Amino acid sequence: VGHTTGITCITKVDNKGRFLSASKDRSVKLWDSRYNCDDEDQSQRVLLSTFERMDRRALACVVMVHCGSYVRPTDDVDWAMLAAVSKRAMKEGPSGVSRAAKDKHIIDCSCEFAAISGKHRDVRVWSMKNVDNQSQGGNVAEVILVQELDHETTVDSVASLPGKGMILTGDRMGHLRLWRCRTNVFLPGSPRVYSCERSFSWRLKSDLCSVNECMSFAVTSLAFISDDLVVSGTRGGVLRVWNVEGTKTDGETVHKEVVNILGAHSSDITSIQKGCDMEDVKSGETRLTFSSASNDGKVLSFVVPVESQIRPVCFNVVNHGITDRYRIDAEGTSVTALACLDMPGDTKSKCLPSRLVVSASAPGGNINILKSPVSSSSEQQQDALVLYRNQIEEESLTLHVVAQNLVSSVESRHRKYLMKTYKDCFVCSEAVTYLVEKGYALTRQDAVDLGRVLATHLLLFEHVSKKDKLFEDSKELYRFSDEYANSMTSKLRRNRISTR
């Protein structure tokens, strides 16, 4: 039923349970999440259609452009069903509608989506329509290539505003293009055609840059946070908020972003997701929120004012790799995806509708539900990213204090071991005892873990003969390393220069 290779993207189609999945096998599958794969009645299957060879390379991303219509005979009666049944009756007569209801065929299944491979310069826009003669186990819909949207360089990201006819694409040179749908009002049913309305770029094409700088310009993620604001994330970790309307001049190139967030992420941004809107208590101004994820394992959530010129504020920081930051054999943690959950309100408990953002990381596979913003005054809100970095800096300073006290307190002298003399060394168990007695560790095992952190991240000491041997609670001999002494000497020299 599923794909033959790894799935690269899952996209929601509508509120009736449909979603699309893209894979490295170049295929796209249409699913209905309201049914179970193990249902005995195959007419109510979860897999609706499979579209093969959608691109020359593996598909990287699929976004919805228009949700279209989806009608099953077993659905509740609504305007979409009335329109689909009337269209089927006009085409095949009442018997066609009765036959479709008896065989439980899909009466209508349509949508429009865009797909990229991340290896080519074009974005392919596909239109899906219902198949009239549906066979048992066959596709209920087919796709037609509507248009190819060309870029000057490889397209790495794409976003859309479903129902608004807008597609935004970003390439590897940091340029964005806004494509808007044009329809011929005099020819009903004519195909939708997209044209480039304007471009966005913070840099000029004439700027000379090195290869490494050019690689950091690539737009790796895009997301609409309102009808006229979009957030772009680059491989260099830079976030920018753009106004898609610009100066409302067709063909223009916008060089000035609304908001520029530098230094928040230290690696390429993998995903951006719109959060719930909030209201400022003091001014009553509506504020937009979004979350951004990166390969450094962090997910940052920001509040962006809509009208005022107040700078954006980070209200939540989640580091998926913080628990493994001192492990020697720990793999790098990357946040691979962000998703949103729309929670309905409850009139009895007076709970308002909300929007939760969920993050997923690899290789640990952890899933976190991110903190939602609290409506408050902008003057009282503290930046969570600043608080997080201050906490990390205090932790680093504490480690340096522990290291300096350990160097000055543990006896280091010439010692004999197995008929051999080792100069300026100390016994490992004595260092463990000191860490426990001074309160730096509760147990001796905690002291061993702390000693390994000092040895790994500060290069404080090493084994006298076995360089790769781990710090243990034993009679082994260790020696304070020259690397730590040299680093402390250079640090003191810099401090002296800065105070002159």
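The coordinates are above.
Conventions and cut-offs
Residues numbered from 1 in each chain as written. Predicted model: local features only at pLDDT ≥ 70, side-chain atom pairs only at ≥ 80, totals over all residues. Heavy atoms only, no water. Helix = DSSP H or I, 4+ residues; strand = E, 2+ residues; numbered from the N terminus. Buried < 20%, exposed > 50% of the residue type's maximum accessible area, 1.4 Å probe, protein only. Polar contact = N/O pair within 3.5 Å; in protein donor to acceptor, adjacent residues only side chain to side chain. Pairing = 2+ DSSP bridges. Axes fitted to C-alpha atoms, helices over the stretch in contact; angles between N-to-C directions. Core = buried A, V, L, I, M, F, W, Y, C linked by side-chain atoms within 4.5 Å. Contact = heavy atoms within 4.5 Å. Salt bridge = Lys/Arg side-chain N within 4 Å of Asp/Glu carboxyl O.

Points about the environment of Arg182
Piece 1. Counting through the fold element by element, Arg182 comes out in strand E13 (residues 176–182).
Piece 2. The partly exposed category is assigned to Arg182, whose relative accessible area is 37%.
Piece 3. Considered as a pair, Arg182 and Arg192 are ten residues apart in the sequence and their alpha carbons are 6.0 Å apart.
Piece 4. At a separation of 3.3 Å, a polar atom in the side chain of Arg182 contacts the side chain of Ser195.

Some remarks on the sheet that holds strand E5 (residues 61–66)
Strand pairing in a sheet relies on backbone hydrogen bonds, with the paired strands running either antiparallel or parallel.
Piece 1. Pairing in this open sheet of four strands is antiparallel, and the strands run E5-E8-E9-E10 from one edge to the other. Of all strands in the sheet, those bounded by a partner on one side alone are E5 and strand E10 (141–150). Adjacent strand axes in the sheet meet at a mean angle of 25° when their direction is disregarded.
Piece 2. The sheet contact formed by strand E9 (residues 122–130) and E10 spans nine bridges and is antiparallel. By the bridge assignment for E10, Asp122 is matched with Asp150.

Regarding the nonpolar core
Piece 1. Ranked by size, the top nonpolar core spans 24 residues in total, and within it Leu406, Phe426, Leu435, Leu454, Leu460, Phe461 and Phe471 carry the most contacts.
Piece 2. The set of elements that each furnish at least two residues to this core consists of helix H4 (384–409), helix H5 (428–437), helix H6 (444–457) and strand E31 (477–480).
Piece 3. Discounting residues that sit within four places of it in the chain, Leu406 has contacts with Ala431, Tyr434, Leu435, Leu454, Leu460, Phe461 and Phe480.
Piece 4. Listed in part, the 22 residues of the second largest apolar core include Leu48, Val62, Met64 and Tyr70.

A closer look at the sheet that holds strand E11 (residues 155–161)
Piece 1. Read from one edge of the open sheet, five strands run E11-E12-E13-E14-E18, paired in mixed fashion. Here the strands that pair on one side only, and so sit at the sheet edges, are E11 and strand E18 (253–254).
Piece 2. Relative to E18, strand E14 (residues 193–200) runs parallel, the two being bridged by two bridges. Each residue of the ladder has a partner; that of Phe200, found in E18, is Val254.

A short note on the pattern of salt bridges
Piece 1. Applying the stated criterion across every chain yields a total of 20 salt bridges.
Piece 2. Between Arg72 and Asp32 there is a salt bridge whose closest N-O contact spans 3.0 Å. With Arg72 in the loop between strand E6 (70–71) and helix H1 (79–92) and Asp32 in strand E3 (residues 28–32), this pair connects stretches of sequence that are 40 residues apart. Judged on exposure class, the residue Arg72 and its partner Asp32 are both buried.
Piece 3. When the shortest N-O distance is used, the salt bridge between Lys298 and Asp296 registers 3.0 Å. Across this residue pair, the class does not change: Lys298 and Asp296 are buried.
Piece 4. One network of salt bridges, with partners in common, ties together Arg180, Arg182, Glu197, Arg198, Glu245 and Glu252.

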